[in-house]
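Residues per chain, in single letters:
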Amino acid sequence: MSVYDLTGRKAMVTGGARGLGEGMARALARAGAAVVVADIREDLGKATASSLREEGANAEFVALDITSDDSWGQAMPQAIAHLSGLDILVNNAGVEITSLLVDLDAESARRMLDVNVLGTALGIKHGFRAMRPGGAGGSGGAIVNVASVAATIAFPGIAVYSATKSAVDRLTRVAAMESGKLGYGVRVNCVYPGLVPTEMGNQLAVDCAEIGLFPSPQEAAGAVIGLTPLGRLGEVPDIADAVVFLASDGARFITGAGLPVDGGMGM
Ligand SMILES: NC(=O)c1ccc[n+]([C@@H]2O[C@H](COP(=O)([O-])OP(=O)(O)OC[C@H]3O[C@@H](n4cnc5c(N)ncnc54)[C@H](O)[C@@H]3O)[C@@H](O)[C@H]2O)c1
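Think of each chain on its own: its residues are numbered from 1, step by step along the sequence as written. Note on the predicted model: pLDDT of at least 70 is required for a residue's local features to be given, and 80 or more for side-chain atom pairs to be given and counted; whole-chain, interface and lining totals, by contrast, use all residues. For the side-chain quantities, the full set of heavy atoms in the structure was used; hydrogens and water were omitted.

Student: Please explain the site of the ligand as it appears in this structure.
Tutor: The rule for a residue being near a molecule or strand is that one of its heavy atoms must lie within 4 Å of it. Lining the immediate surroundings of the ligand are 27 residues, of which L20, D39, N92, Y161 and T198 lie closest. Polar contact is defined as a pair of N or O atoms within 3.5 Å, subject to the rule that within protein one atom must be able to donate a hydrogen and the other to accept it, and that residues adjacent in sequence are counted only when both atoms are side-chain atoms. Between the ligand and I66 there is a distance of 3.0 Å, counted from a nitrogen atom to a backbone nitrogen or oxygen. Between an oxygen atom of the ligand and a main-chain N or O atom of V196, the distance comes to 2.8 Å. For every accessible area listed, the method is Shrake-Rupley and the probe measures 1.4 Å; residues are considered covered only by the protein chains on display. For the ligand, whose unbound accessible area comes to 830 Å², protein coverage reaches 95%. We place a 1 Å grid over just the protein atoms. Points where a 1.4 Å probe fits but has no way out form a cavity, open points with protein on both sides within 12 Å along at least 5 of 7 lines form a pocket, and any residue with an atom within 4 Å of a point lines it. Think of it this way: a molecule belongs to a cavity or pocket when more than half its atoms come within 2 Å of the grid points there. In this structure, the ligand is accommodated by the largest pocket. Put simply, the parts of the chain that give the shell around the ligand at least two residues each are α1 (19–30), α5 (159–181) and α6 (199–210). Helix and strand labels come from DSSP, where a helix needs a run of H or I of at least four residues and a strand needs a run of E of at least two; each type is numbered from the N terminus.

Student: Before we go on, may I ask you to explain the packing of α1 against helix α2 (residues 42–54) in this structure?
Tutor: Describing two packed helices takes the angle between their axes plus the distance from one axis to the other. Lines fitted to the C-alpha atoms define the axes, with helices restricted to the stretch that makes contact. Angles between their N-to-C directions range from 0 to 180 degrees. Two elements in contact, α1 and α2, have axes whose closest approach is 11 Å; the angle formed by their N-to-C orientations is 25 degrees. Taken together, the axis directions place α1 and α2 in an arrangement best described as roughly parallel. Judged by the sense of rotation from one axis to the other, the crossing of α1 with α2 is right-handed. On α2, the residues that touch E22, A25, R26 and A29 of α1 are T48, S51 and L52. Per-class residue counts for the contact of α1 with α2 are three nonpolar, two polar and two charged. Each angle receives one of four descriptions, namely roughly parallel if under 35 degrees, roughly antiparallel if over 145, roughly perpendicular if within 65 to 115, and oblique otherwise. Helix crossings are classified by the rotation of the near helix relative to the far one: an anticlockwise turn of less than a right angle makes the crossing left-handed, while a clockwise turn makes it right-handed. Two residues form a contact once any of their heavy atoms are found within 4.5 Å. As a working rule, the residues Ala, Val, Leu, Ile, Met, Phe, Trp, Tyr, Cys and Pro are called nonpolar, Asp, Glu, Lys and Arg charged, and the rest polar, with Gly in that last group.

Student: Can you help me understand the environment of K181 in this one?
Tutor: Take K181: it is sitting in helix α5. For the pair K181 and S71, spaced 110 residues apart in sequence, the C-alpha separation works out to 28 Å.

Student: Explain the packing of aromatic side chains here, please?
Tutor: When the centres of two rings from Phe, Tyr and Trp lie within 6.5 Å, Trp using its six-membered ring, the rings pair. Their planes under 30 degrees apart give stacked, over 60 give edge-to-face, and anything left gives tilted. Summed over the entire model, instances satisfying the criterion amount to three aromatic pairs. Judged by centre distance (5.3 Å) and plane angle (50 degrees), the ring pair of Y4 and F245 falls under tilted. Placement of the pair is Y4 in the segment before β1 (10–14) and F245 in helix α8 (residues 236–247), with a sequence separation of 241 residues. Burial classes: relative accessible area under 20% of the type maximum marks a residue as buried, over 50% as exposed, and values in between as partly exposed (1.4 Å probe, protein chains only). Relative accessible area serves as the criterion here: at 29%, Y4 is assigned to the partly exposed category. Centroid distance F128 to Y184: 5.0 Å. Interplanar angle 65 degrees. Geometry classified as edge-to-face. Taken together, the residues F128 in helix α4 (residues 106–131) and Y184 in the loop between α5 and β6 (186–193) connect sequence positions 56 residues apart. The pair F128 / Y184 is uniform in exposure class, with both members buried. Above the face of the Y184 ring, R132 is positioned so that its terminal group lies 5.8 Å from the ring centre. Think of it as a cone above the ring: NZ of Lys or CZ of Arg counts as a charge over the ring if it is within 6 Å of the ring centre and within 35 degrees of the ring normal.

Student: What should I look at first to understand the environment of G135 in this one?
Tutor: Within the secondary structure layout, G135 lies in the loop between α4 and β5 (141–146). According to the relative accessible area criterion, G135 is buried, its value standing at 17%. Separated by 49 residues in sequence, G135 and Y184 have C-alpha atoms that sit 9.6 Å apart. For G135, the contacting residues outside a window of four places in its chain are R129 and A130.

Student: Sorry if this is basic, but what is going on with the pairing of strand β2 (residues 34–39) here?
Tutor: The buried fraction of β2 amounts to six of the six residues, a majority that puts the element mostly inside the structure. Should DSSP find at least two bridges between two strands, the strands are taken to pair. The pairing of β1 with β2 spans five bridges and is classified as parallel. Looking at β2, one finds that M12 is bridged to V36. Between the parallel pair β1 and β2, the chain is carried across by α1, and the sense of this crossover is right-handed. In this sheet, strand β3 (residues 59–63) lies alongside β2 in parallel orientation, the contact comprising five bridges. Seen with its strands pointing away from the viewer, a crossover is right-handed if its path from the first strand over the helix to the second goes clockwise.

Student: Mind showing me how you'd approach the environment of A176 here?
Tutor: Topologically, A176 is positioned in helix α5. According to the relative accessible area criterion, A176 is buried, its value standing at 9%. Taking the C-alpha atoms as reference points, A176 and G256, 80 residues apart in sequence, are found 4.9 Å from one another. Apart from residues no more than four positions distant in its own chain, A176 is found in contact with V188, T255 and G256.

Here's what the structure looks like:
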């Protein structure tokens, strides 16, 4: 059960095939929303949508590469057709490639900029076009972008990733301003998740050890826990519930905000 009722709402979650995005899709569905799982990984995304349907949700998969304007141009009408509208867009898909700055690989940096910054910006573009008055998705709604605690602290090994997540934070503020000023009726907020042991989170701990920052992945994770007042790593539902809140009417007077969901690590 969710404390925030999304019955009748229509939600699209990018990167919804696994990890945090899957958890967000599940939490939105449990709160009553119909959900489109949008992801570049068709195999995983279809399986996730089907497992949501087994739980009784109205869920479909749509193929999407968030870095491509054309892909958004195809995926958004498909999502709107499946859902009969759109009220909620979660720009969650992202990538992290760990590296010390002295070893920076330009291609890896470009990939993170492409997915995390351009991909999120294109998501906002297509979300606005769908949800603003006269848009194919209906009128008004909420966008939730997924930044990171990395946008609020300095942790070694993730400089470019942190920069891309700071960009997501700024994109959120300007998007909220444009939406408000131009009367789109779309609230735009972001979350800053702390470390969660998804495939990305686990790989980050492994990579931090591999580049010599910590003796082992366990000690990398332990260092994060040591920096976290609540004394543990995040869990997928911790982040998903915050997204449900920001998407719901419980957050009806909140826009342009960044919500830390990190056990206090970034305070
Ligand atoms: N896990 C963490 O510790 C953590 C912490 C803070 C923020 N985040 C952010 O949360 C989001 C989700 O992270 P996660 O841990 O679930 O990662 P993950 O790697 O487990 O899942 C990411 C999903 O995004 C999809 N994706 C990647 N590139 C895509 C593209 N171009 N188009 C469409 N889909 C694409 C992947 O296929 C995958 O399903 C990311 O933006 C990440 O930066 C994660």
